[in-house]
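Overview (structure and organization)
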Amino acid sequence: MMSSNWFKDAVVYQIYPRSFQDSNNDGIGDLNGIKQRLPYLKKLGVDVLWLNPIYRSPDVDNGYDIADYEAIHPDFGTMDDFEQLLSATHENQMKLLMDLVVNHTSDQHRWFQESKKSQDNPYADYYIWRDPVDGHEPNNWGASFNGSAWTYVPERGQYYLHLFAPEQPDLNWENPEVRQQVYNIMRFWLDKGIDGFRMDVINKISKVPGLPNGPITEGEVYGDGSRFTDNGPRLNEFLQEMNREVLSHYDIMTVGEMPGATPEMARKYSNLDGSELNMIFQFEHVSLAGNPDSRLGKWNDRPVKLSQLKHSLSRWQEGLDGSGWNSLYWNNHDQPRTVSRFATDDPGYRVKAAKMLGTTLHFLQGTPYIYQGEELGMTNVHYTKLEQYEDIESLNAYDEYVKKEKIVKPQTMLKYLSHMSRDNARTPMQWDETQNAGFSEVEPWFALNPNYQEINAKKELLDQDSVFYYYQKLVELRHQCPAIRYGSYQLLDPKDEQVFAYLREYQGTTLLVINNFTAETIERDYDQGKGKLLLDNYPKGELSRLRPYESRVYIL
Ligand code: TEU
Ligand code: CA
């Protein structure tokens with residue numbers, strides 16, 4: 001059994017291939033495009049690339065509905081292109097993670113096409129099928145992208161479960177043959193030499209037997225089944241089996257996406273004996289501002305209270321120190337742009353604010369993830385019309401809450417979408433100021449953020465004071481300084497609603513990290529005077545005066 005802790009020293013860069021770089025001018029980003037941009041990533045200094053799904057897919061949910069796990073989506077290129085990208089990544093001393101989406105498949109996957117034909121065929125038990133109850137769905141669960149979590153198939157006279165879209169049927173992990181099939185897929189890619197997996201909603205693979213009804217919020221149609229689907233009874237067992245059968249035979253890293261996980265659970269999933277995964281993605285800090293009307297769930301346009309953000313991140317820092325491992329992220333393909341969400345994208349402050357957020361996150365203990373464009377301070381796209389959206393989650397939510405249930409006004413819902421939609425993260429990468437931003441020579445599959453002439457990689461690479469070079473510095477400091485990687489953590493002034501300040505301590509080195517989350521100049525005294533300034537996003541200033549969105553790090 002191999003074991004290695006390189007994941008603790010690594011910085012990961014997430015690539016959304018569809019929106020990263022188009023190489024053949026069909027308007028869609030692709031594998032050869034990523035290969036062309038390796039020098040850029042090398043320059044940023046990241047160690048690991050994670051690619052969102054690149055498998056054959058009908059793209060109901062942009063690749064998270066996989067029709068063939070061992071084929072490359074023609075939009076992205078060929079298997080040969082993939083192998084070339086993998087070796088080029090390795091030649092550049094970087095590693096490559098694939099997205100493993102095995103809670104569900106596409107309804108176009110061969111297994112499902114067979115499974116739905118009858119109740120007795122070799123694939124009949126590959127998915128979660130149940131008889132109707134009194135002519136209705138087997139239970140009251142709603143799906144993540146709205147509507148029921150069950151769809152009826154006349155050929156079988158049964159319903160199948162889908163926690164996401166109807167085109168994303170859930171696999172039946174209780175069936176040992178399904179698990180072996182998944183392990184085979186994993187070996188297929190690992191044997192090509194990839195360096196690990198990001199595992200999509202992997203904490204939903206073990207459902208509570210009996211699939212009981214979930215609680216229904218007043219005024220809602222469907223019940224919330226998450227307590228019976230997330231972190232279920234056999235999850236640790238399944239992960240340990242996967243680890244024994246597959247993961248432990250390779251020198252790789254793993255990160256499991258786990259909505260609803262607590263630090264206590266994460267200590268098991270990322271436990272230090274290496275029997276499950278290396279780390280998880282938790283959702284707490286990106287779920288702090290729900291709508292007061294709980295039927296609307298994540299849809300809101302409210303700022304997050306800084307004390308709550310600090311409390312949440314601190315709970316994970318303290319909760320996993322010495323007993324598990326954190327992943328650190330502000331952004332991914334499902335989250336709005338961090339600078340717009342947690343600080344400001346006002347042009348007067350955007351650069352400072354992006355650097356401040358980077359500092360806050362990158363000085364924590366754990367493995368940091370940078371989502372494409374975050375290193376440029378890319379912003380939300382600020383759409384005002386429904387037609388501008390593309391994402392299934394956003395479109396279904398509008399349909400449900402505005403048109404069907406009429407619980408929110410169109411203008412209000414558009415404000416919520418503009419603040420929270422996943423599409424904010426999915427506009428094409430902004431490479432330069434030319435037409436189509438250097439992403440493609442033709443019109444991209446999804447419109448660019450109109451601010452690309454102001455915010456783009458070419459401009460930032462020419463400006464030593466850019467967000468890009470600041471992120472480069474953050475990565476470099478992490479590589480150099482063990483206290484950033486391994487130090488213990490202590491939050492200062494938990495109730496301060498303006499500043500996020502904390503200490504990191506490792507083998508006699510103490511770091512003091514100070515972040516002003518406001519557009520105001522404020523006075524704060526910690527132990528700055530005793531320290532040596534390691535990093536600042538402003539020119540030298542007065543010791544206790546913090547300028548708007550200023551970040552400072554001292555070695556005490
Ligand atoms: O997301 C899991 C998940 O919980 C999502 O519902 C996420 O919380 C939501 O997009 C934010 O409101 C993963 C993938 O990252 C996402 O892109 C997929 O759509 C989803 O799984 C289904 O595979
Ligand atoms: Ca292309």
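Residues numbered from 1 in each chain as written. Chains lettered and ligands numbered in written order. Predicted model: local features only at pLDDT ≥ 70, side-chain atom pairs only at ≥ 80, totals over all residues.

1. Structural notes on the sheet that holds strand 5 (residues 95-100)
Pairing in this open sheet of eight strands is parallel, and the strands run 11-10-9-5-2-1-13-12 from one edge to the other. Each edge of the open sheet is held by one strand with a lone partner, namely strand 11 (279-281) and strand 12 (327-328). In the sheet, strand 5 pairs with strand 9 (residues 196-199) via three bridges, with the strands oriented parallel. Note on strand 9: the bridge partner recorded for Leu100 is Met199. (Pairing = 2+ DSSP bridges. Helix = DSSP H or I, 4+ residues; strand = E, 2+ residues; numbered from the N terminus.)

2. Details of the site of ligand 1
Looking at ligand 1, there are 14 residues lining it, with Tyr64, Ser144, Phe164, Pro259 and Asp334 nearest. The residue makeup of the shell around ligand 1, split by class, is five nonpolar, two polar and seven charged. (Near = placed C-beta within 6 Å. Nonpolar A, V, L, I, M, F, W, Y, C, P; charged D, E, K, R; others polar.)

3. Overview of the pairing of strand 1 (residues 12-15)
Burial along strand 1 is two-sided: Val12 and Gln14 and Tyr13 and Ile15, pointing in opposite directions, are all buried. Sheet topology places strand 1 next to strand 13 (residues 367-371); three bridges connect them, and they run parallel. Counterpart to Tyr13 in the pairing with strand 13 is Ile370. Here strand 1 pairs with strand 2 (residues 48-51) via four bridges, running parallel. Considered in strand 2, the bridge of Gln14 is made with Trp50. (Buried ≥ 20, exposed ≤ 12 C-beta atoms within 10 Å, placed from the backbone.)

4. Here's the deal with the confidence of the model for the protein
Of the residues in the protein, 99% reach a pLDDT of 70 or more, and the chain-wide mean stands at 97. Complex prediction metrics read pTM 0.98 and ipTM 0.96. (pLDDT = per-residue confidence, 0-100.)

5. A few points about the sheet that holds strand 7 (residues 150-153)
Strand order in the open sheet formed by three strands is 6-8-7, and the pairing between neighbours is antiparallel. A single partner strand is all that each edge strand has here, and the edge strands are strand 6 (129-130) and strand 7. Inspection of the sheet shows strand 6 paired to strand 8 (residues 158-161) by two bridges, in the antiparallel sense. For Trp129, the partnering residue across the bridge sits in strand 8 and is Tyr160.

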